[in-house]
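Fold and geometry: a report
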Amino acid sequence: MRCENGIVFGLVLALTSSSPGLALDRVEMLPPQLLTKLAAKQQRISTLPQRIAGKPRAYAINSITRWQPGATVLVAFNGGNYELCSAIEQAARDWLANDVNLKLDFGGDTTSKTYRQWRPTDSNYVADVRISFGESGYWSLVGSESVSVSIAPPGVASMNFEGFDVAKPSDWRAVVLHEFGHALGFEHEHQSPNSTCDEQFRWDDDPDYVLTLDARCAVSPDDNGKKPGIYTVLMHPPNRWTRRQIDTNMRRLANSRAFLLGPFDRQSIMLYTFPDWMYKAPANNDCYISGNTGLSAQDRRGVAAAYPLRAEDVKSMLKERQDFYLELSSNAGSSSKYFEGYKRKDNLRGNNP
Ligand SMILES: [Zn+2]
């Protein structure tokens, strides 16, 4: 019966390779209410035409999910003292260090030692990115999903760092960089259309594996040393995902920054370290890494390409976005409400570097 408790939904990813056995100690998971809304959005997207304004559907959605080039993205905290908020700001700013036409405004005040705060009772958006520390796990919505009223209304967190306000974990900086990568519009590198992780993951159980639960009610190797596969592990506590949720969170994505960049990048901060049992041959594949702690050269090129400085690049990107909006808003109303927040942001923000 103990194993019926502790239900957790969401994306579970190991951040370190030190976890023993099949344990997934550090988790990145979206709360169930957000997962439900995102699933509804994905369902709407799947009904859109394959091409939008002449471009592949995934490319168009990916493009308008990012912020407008030149925008100032406002960030606010719910809780956290000045030192913690300052540490998160300094870590996140590394994304903008080289030739990136985007600003992050955290509302920090060195005189009063305060940062911009948002509250669950807010009825208007205090900020685009709303950080909390009180929910489970580390997670973030992707790009301007955080200001889509249908997904994350003003009083709802768009990013969470569980327990950072009590004590920061040793890898806190990598966690902040990873989650801000999502906030800037990037998906997981292991789901890149140019990655081969899909082929390298151990999806299925070893032959004749006998289902075995450990003291934490998680699936473990059986008495003969045979191991469960990814589906069996994630379908059981603490995650209890459906097969569809596993596919959504783990399988290759059609839309990613690969549209901007090309090859799979095993140095990316957006590539998580999964424990070795999740791979068919951990010692011999390019998906298995021992842990990236900083931005890769390609991460930096990617964010610069997503938010270009050159005026003509900005102009053509904005034109393209307008074309996507136009075609989306003329599409059946069932889908357009998922993009109203994105368009609103473009109207509100200037595009000056
Ligand atoms: Zn992530």
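A word on the nonpolar core
With 57 residues, the main nonpolar core has Val 73, Val 75, Trp 95, Val 129, Ile 131 and Phe 180 as its most contacted residues. For this core, the elements supplying multiple residues, two or more each, are strand E3 (72-78), helix H3 (82-92), strand E5 (129-132), strand E6 (138-140), strand E7 (159-161), helix H4 (172-183) and helix H9 (297-306). A per-element tally of this core places H4 first, with six residues. Counting only domains with at least three residues in this core, you end up with domain 1 (1-30 + 186-307) and domain 2 (66-184). Dropping the residues within four chain positions of it, Val 75 is found in contact with Leu 104, Asp 105, Phe 106, Arg 116, Ala 127, Val 129 and Ile 131. Core analysis: the second largest hydrophobic core is formed by seven residues, Ile 52, Ile 61, Ile 64 and Tyr 325 among them.

Describing the packing of helix H2 (residues 57-65) against helix H10 (residues 311-330)
Orientation of H2 relative to H10, taken along the N-to-C sense of each, is 115°, at an axis distance of 10 Å. One finds that H2 runs roughly perpendicular with respect to H10. With respect to the hand of their crossing, H2 and H10 are arranged in left-handed fashion. Counted together, Ala 60, Ser 63 and Ile 64 of H2 and Glu 320, Arg 321, Phe 324 and Tyr 325 of H10 form the full contact between these two elements.

Quick look at the sheet that holds strand E4 (residues 103-105)
Strands pair in a sheet through their backbones, by hydrogen bonds, and they do so in one of two ways: parallel or antiparallel. Taken in spatial order, the five strands of this open sheet run E4-E3-E5-E7-E6, and their pairing is mixed. The open sheet is flanked by E4 and E6, the only strands paired with a single partner. The average angle at which neighbouring strand axes cross in this sheet is 20°, direction not considered. Where E5 and E7 come together, two bridges link them in parallel fashion. Residue pairing in the sheet places Ser 132 in a bridge with Asn 160 of E7. Helix-sheet contacts for H4 involve E5, E6 and E7, and the interaxial angle to E6 is about 20°.

Some details on the confidence of the model for the protein chain
Mean pLDDT over the protein chain works out to 81, with 82% of the residues at or above the 70 mark. Contacts of residues 5-27 to residues separated by more than four positions or lying in other chains number 61 contacts, the stretch itself having pLDDT below 50. For residues 347-353, every residue scores under 50 in pLDDT, and the model assigns this stretch 13 contacts once sequence neighbours within four places are set aside.

Thoughts on the pairing of E3
Burial analysis of E3 places five of its seven residues in the buried class, which makes it a mostly covered element. Where E3 lies against E4, three bridges are found, and the strand directions are parallel. The residue of E4 that forms the bridge with Thr 72 is Lys 103. Here E3 pairs with E5 via four bridges, running parallel. Directly across from Phe 77, in E5, lies its bridge partner Ile 131.

Definitions and limits used
Here the residue index of a chain counts from 1 through its sequence in written order. At least 70 in pLDDT is required for a residue's local features to be given in this predicted model, at least 80 for side-chain atom pairs to be given and counted, and no such filter applies to totals for whole chains, interfaces and linings, which use all residues. Nonpolar cores are built from buried Ala, Val, Leu, Ile, Met, Phe, Trp, Tyr and Cys residues. These are joined into a set through C-beta atoms within 7 Å. For the exposure call, what matters is how many other C-beta atoms sit within 10 Å of a residue's own: 20 or more marks it buried, 12 or fewer exposed, and in between partly exposed, using C-beta atoms placed from the backbone. Under the scheme used here, helices are H or I runs from DSSP no shorter than 4 residues and strands are E runs no shorter than 2 residues, and both carry numbers assigned from the N terminus. All the domain ranges listed were derived from an automatic or database domain assignment. A pair of residues counts as a contact when their C-beta atoms, built from backbone coordinates, are separated by no more than 7 Å. Axes here refer to lines fitted to C-alpha atoms; in helices the fit is confined to the stretch in contact. Angles between the N-to-C directions go from 0 to 180 degrees. Just so you know how the angles are binned, under 35 degrees is roughly parallel, over 145 roughly antiparallel, 65 to 115 roughly perpendicular, and the rest oblique. Each crossing gets its handedness from the near helix: less than a right angle anticlockwise from the far helix is left-handed, clockwise is right-handed. Two strands are counted as paired when DSSP detects at least two bridges linking them. Confidence of the predictor at the level of single residues is captured by pLDDT, which takes values from 0 to 100.

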